[in-house]
Amino acid sequence: MPKIYDINIKTEAVKRYKNGENIDKIANDLNIKAGSQLIRIWYKSSKSCYSYSIYKDCKEVKLMSQKLKKDFISKELKEKNKENKLLKDRIKKLEKNLKFEIEEKMLAIASKEILEKSIPSCTATILMNLLKMSKKEKIMIMATKAYKYYACSQIYYLVANYGMGTNRLINYFKVHKNTYSKFKMKLKLENPILLYKYKLKIPTINSFENERFENAVDLVKDFKEANNDLQTGSLLIRKWIFVNKNKRVSEKMINLIKREKPEVFKNSFSRDNCKKSSYFNESKKHNSYVRDDLIEMNYNTPNVVGVDGTNLKIELNNSSYKTKLNCMISYDWDLKTIVAYNFDKNENSNSSLKVFKRINEYSVNTNSNKVIQSDRGLAFSCEKIFEYVNKKNNIVHSMSKRGFKHNASTESLNRWVKEKFFKTYGCKFKNIQNFYDTFRKFVYNFNKLQFLKYNIFDQKNQHL
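Everything numeric here is computed off the predicted structure, so don't read it as measured data.

Caption draft 1: Region of interest: helix α15 (residues 349-365). With 17 residues, α15 ought to run about 24 Å at 1.5 Å a step, and its terminal C-alpha atoms sit 24 Å apart, in line with that. Those residues of α15 that fall on the buried side of the exposure criterion are S349, S351, S352, L353, V355, F356, I359, N360, Y362 and S363.

Structural data, given as structure tokens:
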């Protein structure tokens, strides 16, 4: 019969062995016959953990269950495992949906930016609203060079920044793979996937410049060289180019060059520091009074009154010289009627304030809050207008974004009213009072016709 040792002897022997004592000395002291071999066995058994034994038991149970083709797991464990699987699947789905929603939002913002940059004119904006898109296609494609350039730059940015799929983005923005690859080669851009993977710095992509723009820049430079950096207006530059170079460059293009490439128009001589500082102070003031665009491209927004200034050229007292008058005029977008107007020598804040006051009266009379949509000109983004609108509860001021015409309805009505007025009454008048009376008569008849068109008889034109 093997000798049975007490637990205290076992623990003491293992403890002394762990402390580094000689194993034969421990066996002699504690009178262990088997000696060092038995102490080593005790040490190994103490070292083996509980989890190892559980794992061994689980392995045996698994082998037995495979042989007998039976499960030795309790019902509670089975139910918990099922619940755990369901929860994991649900979490995965929610994560996918969240990622998809974020990506869709980013794509929508990107598509809006592309359209705003590539289609800046009023007519294109109206066309964009008239042409309805199908549910599958998220955006309407205008296959211009500018659109392709901005679409490719957005694809590159989304891949490099967020790791979105290139093929998915190419299909979304309706750009060919070759167009995208040529875009990267032309600008010598690195692989965006590597930029996302190693979190490298993304290069900045410059704005689109077409051939017409580049040619116009060269022609303007020729004008500056020929005239010793003379500072002049766009009209004179256009005429000089046409006479000397026999090429047509619009004033709109010259103004665009002034905005995009101001270094072309910089003078060699230094300007007065006082003038510079006053200009920058004025620009800062202007930015502080700029309002957000509440309408953007949604021309079906109710209770909107558009405001804009337009110039009318008339002849007085049978003179051949034409007098230029600025007419600050506002229209009700729903009824297509003239709400208020005011004449002045030029477009200024006093003229716009008078029109705003009449629009406020109009909103009170019609019992409806009005959104006044205007551009970001100095006549509207000033302290007078800002404070007046803040005081009144019936009106809210909205301003269209810079470089993108969200006030197209007002501008189209402006042109239509001018053409109709001059066709009906001509441009020659006895005196200025005669002109004012004629225009007032024209507005009354115009509004009356619009009311009849839209079958509205209960409204009264008392605000003018």
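Caption draft 2: Seen up close, the pairing of strand β5 (residues 395-399). The element β5 is extensively covered by neighbouring structure, given that four of its five residues are classed as buried. As judged from the five bridges shared by strand β4 (residues 370-374) and β5, these two strands associate in the parallel manner. Each bridged residue has a counterpart across the sheet, and for Q373 the counterpart in β5 is S398. In this fold, β4 hands off to helix α16 (residues 383-391), which returns the chain to β5; that crossover is right-handed.

Caption draft 3: Structural detail: the packing of helix α17 (residues 408-425) against helix α18 (residues 432-453). At their nearest, the axes of α17 and α18 sit 11 Å apart, and the two run at 115 degrees to each other. In this structure, α17 crosses over α18, and the sense of that crossing is right-handed. Contacts from W416, V417, K420, F421 and Y425 in α17 reach F435, T438, F439, K441, F442, N445, F446, L449, Q450 and K453 in α18. For the contact of α17 with α18, the residue count by class is nine nonpolar, three polar and three charged.

Caption draft 4: Geometry of the pattern of salt bridges. Scanning all chains against the criterion turns up eight salt bridges. In this structure, the salt-bridge partner of K245 is D222, at a minimum N-O distance of 3.6 Å. Placement of the pair is K245 in helix α12 (residues 234-245) and D222 in helix α11 (residues 211-226), with a sequence separation of 23 residues. Residue D222 is classed as partly exposed on the basis of its relative accessible area, which comes to 28%. Close ionic contact of E251 with R238 constitutes a salt bridge, the shortest N to O distance being 3.4 Å. Here R238 lies in helix α12 and E251 lies in helix α13 (residues 251-260), a separation of 13 residues in the sequence. Residue classification places E251 among the partly exposed residues on the basis of a relative accessible area of 32%.

Caption draft 5: Molecular detail of a nonpolar patch on the surface. Taken together, the side chains of L194, Y198 and L200 define a hydrophobic patch exposed on the protein surface, amounting to about 320 Å² of accessible area. Looking at the element boundaries, L200 is found in the loop between α10 (192-197) and α11.

Caption draft 6: Representation of the side chain of N447 in the model. Secondary-structure assignment places N447 in helix α18. In this structure N447 comes out as buried when scored by relative accessible area, which is 1%. Of the polar contacts made by the side chain of N447, one reaches the backbone nitrogen of I338; its length is 2.9 Å.

Caption draft 7: Structural context of the nonpolar core. If you look at the biggest cluster of nonpolar residues, it comprises 25 residues, and the most contacted ones within it are L107, I155, L158, L169 and F173. Counting only elements with at least two residues in this core, the list comes to α5 (75-118), α7 (145-162), α8 (166-173) and α9 (177-187). Looking at this core element by element, the count peaks at eleven residues for α7. Of all hydrophobic cores here, the second largest spans 21 residues; its members include V355, F356, I372 and I395.

Thresholds applied
Residues numbered from 1 in each chain as written. Predicted model: local features only at pLDDT ≥ 70, side-chain atom pairs only at ≥ 80, totals over all residues. Heavy atoms only, no water. Helix = DSSP H or I, 4+ residues; strand = E, 2+ residues; numbered from the N terminus. Expected span 1.5 Å × (residues − 1). Buried < 20%, exposed > 50% of the residue type's maximum accessible area, 1.4 Å probe, protein only. Pairing = 2+ DSSP bridges. Right-handed = clockwise from strand over helix to strand, strands pointing away. Axes fitted to C-alpha atoms, helices over the stretch in contact; angles between N-to-C directions. Left-handed = near helix turned anticlockwise from the far one by under 90°. Contact = heavy atoms within 4.5 Å. Nonpolar A, V, L, I, M, F, W, Y, C, P; charged D, E, K, R; others polar. Salt bridge = Lys/Arg side-chain N within 4 Å of Asp/Glu carboxyl O. Patch = residues over 30% accessible without salt bridge, like charges linked within 9 Å, V, L, I, M, F, W, Y side chains within 5 Å. Areas by Shrake-Rupley, 256 points an atom, 1.4 Å probe, with all protein chains shown as cover. Polar contact = N/O pair within 3.5 Å; in protein donor to acceptor, adjacent residues only side chain to side chain. Core = buried A, V, L, I, M, F, W, Y, C linked by side-chain atoms within 4.5 Å.

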